[in-house]
Each structure stands twice: as C-alpha cells, then as structure tokens.
Amino acid sequence: MNFEQTLSIVKPNALEKNALGDIINRFEKSGLKVIAIKMLLLDRQTAAGFYKEHEGQPYFEKLMKFMTRNPIVVQVLEGIDAVAKNREIMGPTSYMNGPEGTIRKDYADDITYNAVHGSDSPESAKKEIAYFFRENEIFPNYSVK
Ligand code: ADP
Ligand code: MG
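Keep in mind the model is a prediction, meaning the values are calculated, not measured.

**Q** Help me understand the overall build of the protein, please; the structure alone is not making it clear to me.
**A** What the protein contains, in helices and strands, is 7 helices and 4 strands. When the helices and strands of the protein are read in sequence order from the N terminus, they spell out β-α-α-β-α-α-β-α-α-β-α. The C-alpha atoms of the protein give 14 Å as radius of gyration, which agrees with the globular expectation for 145 residues (15 Å, within 12%). Along the three orthogonal principal directions, the C-alpha set of the protein runs to about 50 × 35 × 25 Å. By residue count, 46% of the 145 residues in the protein fall in the buried class. The long-range share in the protein, meaning contacts at least 24 apart out of those at least 6 apart in sequence, stands at 78%. Seen as two clouds, the 19 positive and the 20 negative side-chain charges of the protein have centres 2 Å apart.

**Q** Got a minute to help me understand the site of ligand 1 in this structure?
**A** Taken together, the neighbourhood of ligand 1 is formed by Lys11, Tyr51, His54, Tyr59, Leu63, Arg87, Thr93, Arg104, Ile111, Thr112 and Asn114. Contact between ligand 1 and Lys11: an oxygen atom at 3.0 Å from a side-chain N or O atom of the residue. In the environment of ligand 1, an oxygen atom lies 3.3 Å from a nitrogen or oxygen atom belonging to the side chain of His54. Here the shell around ligand 1 is built from residues that sort into 4 nonpolar, 4 polar and 3 charged.

**Q** Sorry if this is basic, but what is going on with the sheet that holds strand S2 (residues 33-40) here?
**A** By definition, the strands of a sheet pair up through backbone hydrogen bonds, in either a parallel or an antiparallel sense. Overall, antiparallel pairing links the 4 strands, which are arranged S2-S3-S1-S4 in an open sheet. Across the chains shown, the open sheet's two edge strands, defined by having one partner strand only, are S2 and strand S4 (116-118). Mean inter-strand twist for the sheet, computed between neighbouring axes without regard to direction, equals 20°. Looking at chain direction, S2 and strand S3 (residues 72-80) are connected through 7 bridges and run antiparallel. Its bridge partner being in S3, Leu40 is matched across the sheet by Ile72.

**Q** Explain the side chain of Asn114 to me, please; I cannot follow it from the model alone.
**A** With respect to the secondary-structure elements, Asn114 resides in the loop between helix H6 (103-107) and S4. Within the structure, Asn114 has its side chain in polar contact with the backbone oxygen of Ile111 (distance 3.4 Å). Apart from residues lying up to four places away in sequence, Asn114 is in contact with Lys11, Asn13, Phe66, Arg104 and Ala108.

**Q** What exactly am I supposed to notice about helix H5 (residues 82-90) here?
**A** Along an α-helix, residues three or four apart share an orientation, since each turn contains 3.6 residues. When H5 is considered as a whole, its buried residues turn out to be Ala82, Val83, Asn86, Ile89 and Met90. Down the axis, H5 shows its buried residues gathered within 135° of arc, on one side only. Contacts made by the buried residues of H5 are with strand S1 (3-10), helix H2 (20-29), S3, H6, S4 and helix H7 (122-132). At the exit of H5 stands Gly91, carrying a positive phi of roughly 95°.

**Q** How should I be thinking about unusual backbone geometry in this particular structure?
**A** Comment: phi is negative for the bulk of residues other than glycine, and the bulk of peptide bonds are trans. Residues other than glycine seldom take positive phi values, yet Asn18 does so here, at roughly 60°. Mapped onto the elements, Asn18 comes out in the loop between helix H1 (12-16) and H2. Of the residues examined, Asn18 reaches a relative accessible area of 74% and is grouped as exposed. Of note, the phi angle at Ala115 is positive, near 75°, even though the residue is not glycine. Take Ala115: it is sitting in the loop between H6 and S4.

Parameters and conventions
Residues numbered from 1 in each chain as written. Chains lettered and ligands numbered in written order. Predicted model: local features only at pLDDT ≥ 70, side-chain atom pairs only at ≥ 80, totals over all residues. Heavy atoms only, no water. Helix = DSSP H or I, 4+ residues; strand = E, 2+ residues; numbered from the N terminus. Rg over C-alpha atoms; globule rule 2.2 N^0.38 Å. Buried < 20%, exposed > 50% of the residue type's maximum accessible area, 1.4 Å probe, protein only. Contact = heavy atoms within 4.5 Å. Lys, Arg positive; Asp, Glu negative; His and termini not counted. Charge placed at Lys NZ, Arg CZ, Asp CG, Glu CD. Near = heavy atom within 4 Å. Polar contact = N/O pair within 3.5 Å; in protein donor to acceptor, adjacent residues only side chain to side chain. Nonpolar A, V, L, I, M, F, W, Y, C, P; charged D, E, K, R; others polar. Pairing = 2+ DSSP bridges. Axes fitted to C-alpha atoms, helices over the stretch in contact; angles between N-to-C directions. Arc of directions from axis to C-beta.

Here it is as structure tokens:
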C-alpha cells in the first residue's frame, strides 16, 4: 500500500454530459481526495505535448480534435494506491470489455471519447501532475484543523 498522487482528467465528452459531479463523487466515495483542480481549454500544442507518446498513432488526430473541442477538468487525486485505484474506477482503455459500473462503461462514447484520463504509473503521474500544476496549486494531505 502506497500513499500516492495521480493525475485525473475529465475529458470534454464527460463535461458535455454534465457528468463532472458524478465522476468526482465516484473518486471521493472510493477514498480518493481532490488536492488540486482546474478547468481549462487545451490548445493543440498543449494536448499534443500531453499525449506525445501517442504521436503517429492512427487515432492521434481524432484524439487532438476531441481533447481541444471543449474544456476539460484536470485534478490531482491523492490516497492509498491512488494510481491503480483511479484506473480501476475509470475502467480499462478497451472499456467495452471492462466491468459494469466503471466511469468509462457509463460515459464513454467510443474508444477515443472515453470520458476520463488517469496516469498509468507513479512515474507518469509525477510528470503529468507537473505538466498541469505548479507546486503552490497542489494541497497534499490536508485534513480537519
Ligand atoms: P488510457 O487513456 O487508458 O491510458 P492510452 O494511454 O493507451 O489509454 O491512450 C490515450 C488515449 O488515446 C485514450 O484514453 C483514448 O482517448 C485514445 N486511444 C487509445 N487507444 C485508442 C485506439 N485504439 N483507438 C482510438 N483511440 C484510442
Ligand atoms: Mg495512458
């Protein structure tokens, strides 16, 4: 068990469906805590930088158009095994074969328009968090005072 942070993105199709609250609620109910959050409209360059490992894939242009078509919400989630827990709540990339009750099963429109992003390892979480947040925008491990 590791106390971790992970980057979560609520993608444009989920915001278009008014599903932001439901999605955040699923994270909070599972014990993950929102310790940073912002809404932004990505430009192509920022979207391409975030997904640079996917450049050249047949779906890359579709992914760029999707991620820039409307605002997204980026957040840092913190908790025990946050990286894996977020991925579990999201459901797999091939969401069609994923378990019922996952965010992607409920809100994905297709394999690209899949409602949410979650970092795939603690290492990529660190990089992805730094891509969107300055240190003073993140509030680790806060609790009742
Ligand atoms: P995940 O988001 O589950 O980590 P990947 O990192 O493999 O998945 O892909 C990044 C994003 O690119 C996915 O969330 C999805 O929006 C899109 N994508 C991935 N694979 C495909 C595919 N085979 N066809 C269309 N879009 C894809
Ligand atoms: Mg990924």
